[in-house]
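So the chains spell out like this:
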Amino acid sequence: MLIQLQSDINPAQKEAIIQKANALKYKITEVITQQGHYLVGTGKADFDVRAVGNLPGIKDLHIVSDDYKLVSRKWKVNPTVIDFGDGLRVKEGEFTIMAGPCSIENEAQVEKTINHLVEQGVRFMRGGVFKPRSSPYSFRGLGLEGLKMFYDMCRANGIKVVTEVMQVSQIAPMEPYTDVFQVGARNTQNFNLLDELGKVDKPVLLKRGISGTIDELLYSAEYIFSGGNEKLMLCERGIRTYETASRNTLDLNAIPILKEKTHLPVIVDPSHGMGIREYVEPMALAAIMAGADGIIYETHEKPEEAASDGAQTLSFTESERMIKKMQKTFALRKELGN
Ligand code: PEP
Ligand code: MN
């Protein structure tokens, strides 16, 4: 059960609702986010909704049978809209592109990438400054100084910064220079990090774990939402399967399933999902037809010289071609009514 409370509810009214729910054998967790005030009830007993729903202070009561509640689509009729200002929104029914290098390397690289994105009308630039690398000897990112440079250059060009946060201690120093906190696949179940991102008033792009199920992704999203942050996007980025022909297996199935289960926007990352440059474009287009609300991918002026993930990174020419095709594909999906 999910109870939305009125903003002017008083403590006595809230207590009365909790008592009533407890009497029905429901455990109640109070959640206050930047946007709303909720009581999340977990329990199994059937009850007449009127027994609780009519109590003063309740805006709405929803029966949500899923184990995750706040991120479930069962209660929220209108899908989540993440508003970045300047007419920039991530939402169902619109198509968002986020692009940039795997790693931020230097000013010249950022400048060239921004020029490419501005030319193409892309308003989000991705790029890691704290890089989770399989080997400790690989390039691990420019750190906070690199982020400041990245952010300043993006700001000057009206571009939003999407960058990965790897640990709790990085959140506060990164926050002034970050528009979207990316949680990487290796951290999807870092529950301490998720709890802390719940306290942040900035959107979070939560990637699916390397071997994580769709439900596990939704439970992780529930951590952030129940921690207080509703500005959440989910990202399908491929999972590890027995297949070795590609880096990961982009789970296109996850897209319509997530769209049905949750009100959160679904962004797809075909770069990590495939890992092979030539095949990033067809997977991006397939993801759009499957219902993705946006695509995040890697691009670099000289992919063969990229400090990380060059093999899956598009050149600017490839990126431009893919952007045109993605826009056409999205228009076709709309025309088909999908
Ligand atoms: C990345 O976006 O560069 C990255 C490391 O992604 P993931 O966490 O999906 O592997
Ligand atoms: Mn990468």
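Residues numbered from 1 in each chain as written. Chains lettered and ligands numbered in written order. Predicted model: local features only at pLDDT ≥ 70, side-chain atom pairs only at ≥ 80, totals over all residues. Heavy atoms only, no water.

Engineer: How should I be thinking about the coordination of the manganese ion (ligand 2) in this particular structure?
Structural biologist: Six octahedral donors around a metal ideally subtend angles of 90 or 180 degrees, whereas four tetrahedral donors ideally subtend 109.5 degrees. Around the manganese ion (ligand 2), the donor atoms from the protein are Cys102 (SG), His272 (NE2), Glu298 (OE) and Asp309 (OD), and they sit 2.0 to 2.4 Å away. One chain supplies every donor for the manganese ion (ligand 2), spaced along it as C-x169-H-x25-E-x10-D. On the criterion of sequence distance, the pair formed by Glu298 in strand E14 (residues 294-298) and Asp309 in the loop between E14 and helix H11 (316-336) is long-range, its members being 11 residues apart. Overall, Asp309 belongs to the buried group, its relative accessible area being 18%. (Donors = N, O, S within 2.8 Å, 3.2 Å for Na, K, Ca; no water. Helix = DSSP H or I, 4+ residues; strand = E, 2+ residues; numbered from the N terminus. Buried < 20%, exposed > 50% of the residue type's maximum accessible area, 1.4 Å probe, protein only.)

Engineer: I tried to follow the UniProt feature "domain: DAHP synthetase I/KDSA" (unreviewed entry) in the chain on my own but got confused; where do I start?
Structural biologist: Under the local residue numbering, the UniProt record ascribes the feature "domain: DAHP synthetase I/KDSA" (unreviewed entry) to residues 92-331. Taken end to end, residues 92-331 is 39% helix and 14% strand, and its two terminal C-alpha atoms sit 14 Å from one another. (UniProt positions renumbered as here; feature names shortened; annotations may be inferred.)

Engineer: Is there a simple way to think about the side chain of Thr178 in this case?
Structural biologist: One can find Thr178 in the loop between helix H5 (168-174) and strand E10 (180-183). Residue Thr178 is classed as buried on the basis of its relative accessible area of 0%. Reaching out from Thr178, the side chain makes a polar contact with the backbone oxygen of Met174 at a distance of 2.9 Å. If near-sequence neighbours (up to four positions away) are discounted, Thr178 is found in contact with Leu147, Tyr151, Val161, Thr163 and Lys202. (Polar contact = N/O pair within 3.5 Å; in protein donor to acceptor, adjacent residues only side chain to side chain. Contact = heavy atoms within 4.5 Å.)

Engineer: Quick question: what am I supposed to make of the packing of aromatic side chains here?
Structural biologist: Geometrically, a pair of aromatic rings is defined through the distance of the ring centres and the angle of the planes. Applying the stated criterion across every chain, the model contains eight aromatic pairs. Considering the side-chain rings of Tyr38 and Phe225, the 6.0 Å spacing of their centres and the 70° angle between planes classify their relative orientation as edge-to-face. Taken as a pair, Tyr38 in strand E3 (residues 37-42) and Phe225 in helix H7 (residues 214-226) lie far apart in primary sequence, 187 residues in all. One aromatic cluster in this structure is built from Tyr38, Trp75 and Phe225. (Phe/Tyr/Trp six-rings, centres within 6.5 Å; stacked < 30°, edge-to-face > 60°.)

Engineer: Is there a simple way to think about helix H10 (residues 280-289) in this case?
Structural biologist: One full turn of an α-helix is made of 3.6 residues, so residues set three or four places apart face in the same direction. Of all 10 residues making up H10, seven are buried, and the element is well covered by its neighbours. Looking at the buried positions of H10, the neighbouring elements they touch are helix H8 (254-261), strand E13 (266-268), helix H9 (270-274), E14 and H11.

Engineer: Explanation requested: the sheet that holds strand E4 (residues 58-62) in the structure shown.
Structural biologist: Strand pairing within a sheet occurs via backbone hydrogen bonds; the two strands may be parallel or antiparallel. With antiparallel pairing, the four strands of this open sheet are ordered in space as E2-E3-E1-E4. Two strands in the sheet have a free side with no partner beyond their single neighbour: strand E2 (27-32) and E4. Neighbour-to-neighbour, the strand axes of the sheet open up by a mean angle of 20°, direction not taken into account. In this structure, strand E1 (residues 2-5) lies alongside E4, joined through four bridges in antiparallel fashion. From the neighbouring strand, Gln4 faces E4, where its bridge partner is Asp60. (Pairing = 2+ DSSP bridges. Axes fitted to C-alpha atoms, helices over the stretch in contact; angles between N-to-C directions.)

Engineer: What should I look at first to understand the site of ligand 1 in this one?
Structural biologist: Within the structure, ligand 1 sits among Cys102, Arg126, Lys131, Glu164, Gln182, Gly184, Ala185, Arg186, Lys207, Arg237, His272 and Glu298. Within the side chain of Lys207, a nitrogen or oxygen atom sits 2.8 Å from an oxygen atom of ligand 1. In this structure, an oxygen atom belonging to ligand 1 sits 2.6 Å away from a side-chain N or O atom of Arg237. Out of a free accessible area of 300 Å², ligand 1 has 98% covered by protein chains. Taken together, the residues that form the shell around ligand 1 break down as two nonpolar, three polar and seven charged. (Near = heavy atom within 4 Å. Areas by Shrake-Rupley, 256 points an atom, 1.4 Å probe, with all protein chains shown as cover. Nonpolar A, V, L, I, M, F, W, Y, C, P; charged D, E, K, R; others polar.)

Engineer: What is the right way to read the side chain of Glu298 from this model?
Structural biologist: Glu298 gets classed as buried once you look at its relative accessible area, which sits at 0%. If we skip the residues at most four places from it in the chain, Glu298 touches Gly100, Pro101, Cys102, Arg126, Ser271, His272, Asp309, Gln312, Thr313 and Leu314.

Engineer: What exactly am I supposed to notice about the pairing of E3 here?
Structural biologist: Residues in a regular strand point their side chains to alternate faces of the sheet. Of all six residues that make up E3, five are buried, and the element is covered over most of its length. As paired elements, E2 and E3 share six bridges and run antiparallel to each other. Among the inter-strand pairings, Ile32 is bridged to a residue of E3, identified as His37. Connecting E2 to the antiparallel partner E3 that follows it, the hairpin turn spans four residues.

Engineer: Is there a simple way to think about the packing of helix H3 (residues 107-120) against helix H4 (residues 143-155) in this case?
Structural biologist: When two helices pack together, their arrangement is given by the angle between the helix axes and the distance between those axes. Running from amino to carboxyl end, H3 crosses H4 at an angle of 30°, the nearest separation of the two axes being 10 Å. Comparing the axis directions of H3 and H4 gives the class roughly parallel. For the pair H3 and H4, the crossing hand works out as right-handed. Facing Glu107, Val110, Glu111 and Ile114 of H3, the residues of H4 in contact are Met149, Phe150, Met153 and Cys154. When grouped by side-chain class, the residues that make up the contact of H3 with H4 number six nonpolar, no polar and two charged. (Parallel < 35°, antiparallel > 145°, perpendicular 65-115°, else oblique. Left-handed = near helix turned anticlockwise from the far one by under 90°.)

Engineer: Quick question: what am I supposed to make of the sheet that holds E10 here?
Structural biologist: Reading around the barrel, the eight strands line up as E7-E8-E9-E10-E11-E12-E13-E14 and close back on themselves, with parallel pairing between neighbours. For this sheet, the mean inter-axis angle between neighbouring strands, taken without regard to orientation, is 25°. The pairing of E13 with E14 spans two bridges and is parallel. Following the sheet pairing, Val268 is matched in E14 by Ile295. In this fold H3 packs onto strand E7 (96-100) and strand E8 (124-126), with an angle of close to 145° to the strand it touches most, E8.

Engineer: Which parts of the structure should I look at to understand H4?
Structural biologist: Between its first and last C-alpha, H4 extends 18 Å over 13 residues, near the 18 Å set by a 1.5 Å rise per residue. For H4, the set of buried residues is Gly143, Gly146, Leu147, Met149, Phe150, Tyr151, Met153 and Cys154. (Expected span 1.5 Å × (residues − 1).)

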